[in-house]
Amino acid sequence: MVLKRGQITLLPALVMAKRTVASCLLSCLLLITLVSHAQVSESAVTSEVISVNVAGPSTPFPHFWEQMFGSGRAVLSLRDSYRRDLDWVHQITVFEYVRFHAIFHDDMGVYDEDAQGRPVYNFSYVDQVYDGLLQHGVRPFVEISFMPRKLAALPVLHPFWYHPSPSPPKDYAKWDALITAFARHLIDRYGIEEVSKWYFEVWNEPNIDFWAGDPKQATYFELYDHTARALKAVNPRLRVGGPATAQAAWAPEFIQHVVQANVPADFFSTHVYANDTASDVFGTNENIPRDKMVCRAVKKVHDQIKASAKPNLPLIWSEYNASYKNEPEITDSVFMAPWLADTIRQCDGLVNIMSYWTFSDVFEEQGVVKQPFYGGFGLVAAGGLPKPAFNAFKVLHLLGDRRLPLQSEHALATKRGKSLILAAWNLVLPGESGAPSSITFELNGLSGQHSAHVYRVDNTHGSLLNAYRMMGSPATPTQAQLQQLRDAAQLGSPQQETVNGNRLSINLPAQSLAVIEIQ
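Residues numbered from 1 in each chain as written. Predicted model: local features only at pLDDT ≥ 70, side-chain atom pairs only at ≥ 80, totals over all residues. Heavy atoms only, no water.

Engineer: Help me understand the overall build of the protein chain, please; the structure alone is not making it clear to me.
Structural biologist: On a plain count of helices and strands, the protein chain comes out with 14 helices and 22 strands. Seen along its three principal axes, the alpha-carbon backbone of the protein chain occupies a region of about 115 × 65 × 45 Å. The buried share of the protein chain, reckoned over its 519 residues, is 54%. A fraction of 74% describes how many contacts in the protein chain between residues 6 or more apart in sequence connect residues 24 or more apart. Looking at the protein chain as shown, the accessible area adds up to about 22400 Å², and 53% of this sits on carbon and sulfur atoms. (Helix = DSSP H or I, 4+ residues; strand = E, 2+ residues; numbered from the N terminus. Buried < 20%, exposed > 50% of the residue type's maximum accessible area, 1.4 Å probe, protein only. Contact = heavy atoms within 4.5 Å. Areas by Shrake-Rupley, 256 points an atom, 1.4 Å probe, with all protein chains shown as cover.)

Engineer: In this structure, what is going on with the pattern of salt bridges? I would like to understand it.
Structural biologist: Oppositely charged side chains can pair when the atoms bearing their charge come close. Using the criterion set out here, one finds 27 salt bridges in the structure. For Glu327, the salt bridge goes to Arg290, with nearest N and O atoms at 3.1 Å. Here Glu327, found in the loop between β11 (315-321) and α10 (328-331), pairs with Arg290, found in the loop between α8 (278-282) and α9 (293-306); they are 37 residues apart in sequence, far enough to count as distant. Comparing Glu327 with Arg290 shows no difference in burial state: the two are buried. Three or more residues joined by partner-sharing salt bridges are found here, namely Arg73, Arg79, Asp107 and Glu364. (Salt bridge = Lys/Arg side-chain N within 4 Å of Asp/Glu carboxyl O.)

Engineer: What should I look at first to understand the pairing of strand β22 (residues 512-518) in this one?
Structural biologist: Side chains on a regular strand alternate between the two faces of the sheet. Burial runs high along β22: seven of the seven residues are buried. By the alternation rule, side chains of β22 split into Ser512, Ala514, Ile516 and Ile518 and Leu513, Val515 and Glu517, which are all buried. Bridge count between strand β17 (residues 419-426) and β22: seven bridges; the pairing is antiparallel. Its bridge partner being in β22, Ala423 is matched across the sheet by Val515. (Pairing = 2+ DSSP bridges.)

Engineer: Where do I start with the packing of aromatic side chains in this structure?
Structural biologist: When we look at a pair of aromatic rings, we describe it by the centre distance and by the angle of the planes. As enumerated under the stated definition, the model contains 39 aromatic pairs in all. Considering the side-chain rings of Phe104 and Trp175, the 6.0 Å spacing of their centres and the 80 degrees angle between planes classify their relative orientation as edge-to-face. With Phe104 in the loop between β4 (97-101) and β5 (111-113) and Trp175 in helix α4 (residues 172-190), this pair connects stretches of sequence that are 71 residues apart. Residues Phe104 and Trp175 agree in their burial class; the two are buried. Over the ring of Tyr162 we find Arg73, and its NZ or CZ is 4.6 Å from the ring centre. Cation over ring: Arg296 sits above Phe282, and NZ or CZ is 4.9 Å from the ring centre. (Phe/Tyr/Trp six-rings, centres within 6.5 Å; stacked < 30°, edge-to-face > 60°. Lys NZ or Arg CZ within 6 Å of the ring centre and 35° of its normal.)

Engineer: Please explain the nonpolar core as it appears in this structure.
Structural biologist: Note that soluble globular proteins tend to have their nonpolar side chains buried in a common cluster. Counting 122 residues, the largest nonpolar core has Tyr130, Trp175 and Trp317 as the members making the most contacts within it. For this core, the element with the highest residue contribution is α4, accounting for 10 residues. Setting aside residues up to four positions removed in sequence, Tyr130 forms contacts with Phe100, Ile103, Pro140, Val142, Phe182, Leu186, Tyr190 and Trp198. Counting residues in hydrophobic clusters, the runner-up holds 23 residues, among them Leu446, Ala452, Ala514 and Ile518. (Core = buried A, V, L, I, M, F, W, Y, C linked by side-chain atoms within 4.5 Å.)

Engineer: Explain the side chain of Glu48 here, please?
Structural biologist: With respect to the helices and strands, Glu48 occurs in strand β1 (residues 46-53). Nearest to the buried, unbridged Glu48 among oppositely charged side chains is Arg345, at 9.2 Å. Sequence-distant contacts of Glu48, defined by excluding residues within four places in its chain, comprise Gln407, Ser408, His410, Ser438, Ile439 and Thr440. (Lys, Arg positive; Asp, Glu negative; His and termini not counted.)

Engineer: It is not clear to me how the sheet that holds β1 should be interpreted in this structure. Could you clarify?
Structural biologist: Sheet strands pair by backbone hydrogen bonding; their relative direction is either parallel or antiparallel. One open sheet holds the three strands; their spatial order is β1-β18-β21, and the pairing between them is mixed. Of all strands in the sheet, those with a lone pairing partner are β1 and β21 (503-508), marking the two edges. Sheet twist, expressed as the average angle between the axes of neighbouring strands with direction ignored, equals 20 degrees. (Axes fitted to C-alpha atoms, helices over the stretch in contact; angles between N-to-C directions.)

Engineer: For this particular structure, what's the right way to read the side chain of Gln481?
Structural biologist: Tracing the backbone through its elements, the reader meets Gln481 in helix α14 (residues 479-489). Filtering out sequence-adjacent residues up to four positions away, Gln481 remains in contact with Met471 and Pro474.

Engineer: What's the story with the pairing of β17 in this structure? I'm lost.
Structural biologist: Burial of β17 is extensive: eight of the eight residues sit out of reach of the surface. Neither face of β17 is left uncovered, since the one carrying Ser419, Ile421, Ala423 and Trp425 and the one carrying Leu420, Leu422, Ala424 and Asn426 both have all their residues buried. What sits between strand β16 (residues 411-416) and β17 in their antiparallel hairpin is a turn of two residues, with Gly417 showing a positive phi close to 60 degrees.

Engineer: Hey, could you run me through the state of the cysteines in this one?
Structural biologist: Covalently bonding the sulfur atom of one cysteine to the sulfur atom of another cysteine gives a disulfide. Tallied over the entire structure, the rule returns one disulfide. Bridging Cys295 to Cys347, the disulfide has an S-S length of 1.9 Å. Given an S-S torsion of about -105 degrees, the disulfide between Cys295 and Cys347 has left-handed geometry. Residue Cys295 is located in helix α9, and its partner Cys347 is located in helix α11 (residues 336-347); the two are separated by 52 residues in the primary sequence. (Disulfide = S-S within 2.5 Å.)

Engineer: When you look at the sheet that holds strand β8 (residues 199-202) in this model, what are you seeing that I'm missing?
Structural biologist: Read around the barrel, eight strands follow the order β3-β4-β7-β8-β9-β10-β11-β12 and close on themselves; strand pairing throughout is parallel. Across the sheet, the mean angle from the axis of one strand to that of its neighbour is 30 degrees, orientation sign disregarded. Pairing between strand β3 (residues 68-73) and strand β12 (residues 353-356): two bridges, direction parallel. Counted as the bridge partner of Met68 is Ser355 from β12. Where α11 meets the sheet, it contacts β11 and β12, and its direction lies at approximately 160 degrees from that of β11.

Laid out in structure tokens, this is it:
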């Protein structure tokens, strides 16, 4: 196209006019979109009003979820990183017991045989392990496993990276002698007053591939009988139990066996994970969501114990987590904060102790850890990086020792002395879309003006994951990056609120937990 001089002089003005109109149209469109989104977001917020009778009756609320934690295997507890993570978790929970596998694994050097096949014991590493735990303020929950290879009846090894032996013993007289020597050594070193406060759990998950006896249940019961009797023969004050099954199994059968065989049992222990299947745990084909599986399994076993010949047998849930797989979107994420709170709400009153698996990613079942966030089970990632779950335990520790009743699946109300401590959460299951929520507490019986401290765990509070992504998700962070991430994981100061008119409203983004302390 050829332009005349007059057209050329008019072109800039025409172009500017078109740009102005286009800019105006774009601005108007953007404004309409923002208003529309605001209206959608506002309408998507779910609201709940929860009535709390502050002066009403309450029930004991023991902190069953933070008395014990699991960890990898015994020899790892000799590492500085393990003990650092243990100290950090102990500071926020004051937990009392730690459980791990493989106190008799060959890397502990406990059992050998001389040229004539006579047993040779060496408890040097055992002493270092238990000395270290006690020096750091926790006691061992002794899982008696796995089989020393020179005592194993079968050449089979478990596929874990460190290849423990799931075999029965080749000679039960030698097994009994090992248990006897082990128990006597512990009492000689630490005294019966101390060791009587420990727990001794016979084996780990004998109903799956951690036990190679055939048939599994009958051969495990034989192992249990020998072990429990040997321990009690050394001193009847030692506490022994089992069977530490996977998938909440064997409660009726185990209790019936120990009663009929007159074998001592001071507790029943078992495990479940939130992604276990209904088929494995209940023998049904239903789809049990991840926020319901654990406590439904706990209730099943609780009810089985109550219906048994030993209805007062303590129930110790010696492993649980939201996943038994490596799922970064679960165990590394803020999902764990509301999931843990809701699990506490549901399981309260059904179990004596629940042991979260695990407190640290100093852990080698799948091999040496290659990066900080791979879906490990621990509260602290490799490199000493507190995950959102760490901060969830930290704020849930603030809950009181008395529970107040309320009608909600998204909150807890507790008391400690004159303080009222509330928890509220917004849980979104994997694969679902979440929306913000608002919870208003009506605090009946609370008079006057009160201050409230609100502690939060969500994507922007107590989570280092955004900072980790922003630095490019390094597989091996530098020391400077590790410190930046630890700083990002800090909870910071609590939000300050004032309670007026006996009402307190808390806004909760999707996938979040808030713990509110009112004084």
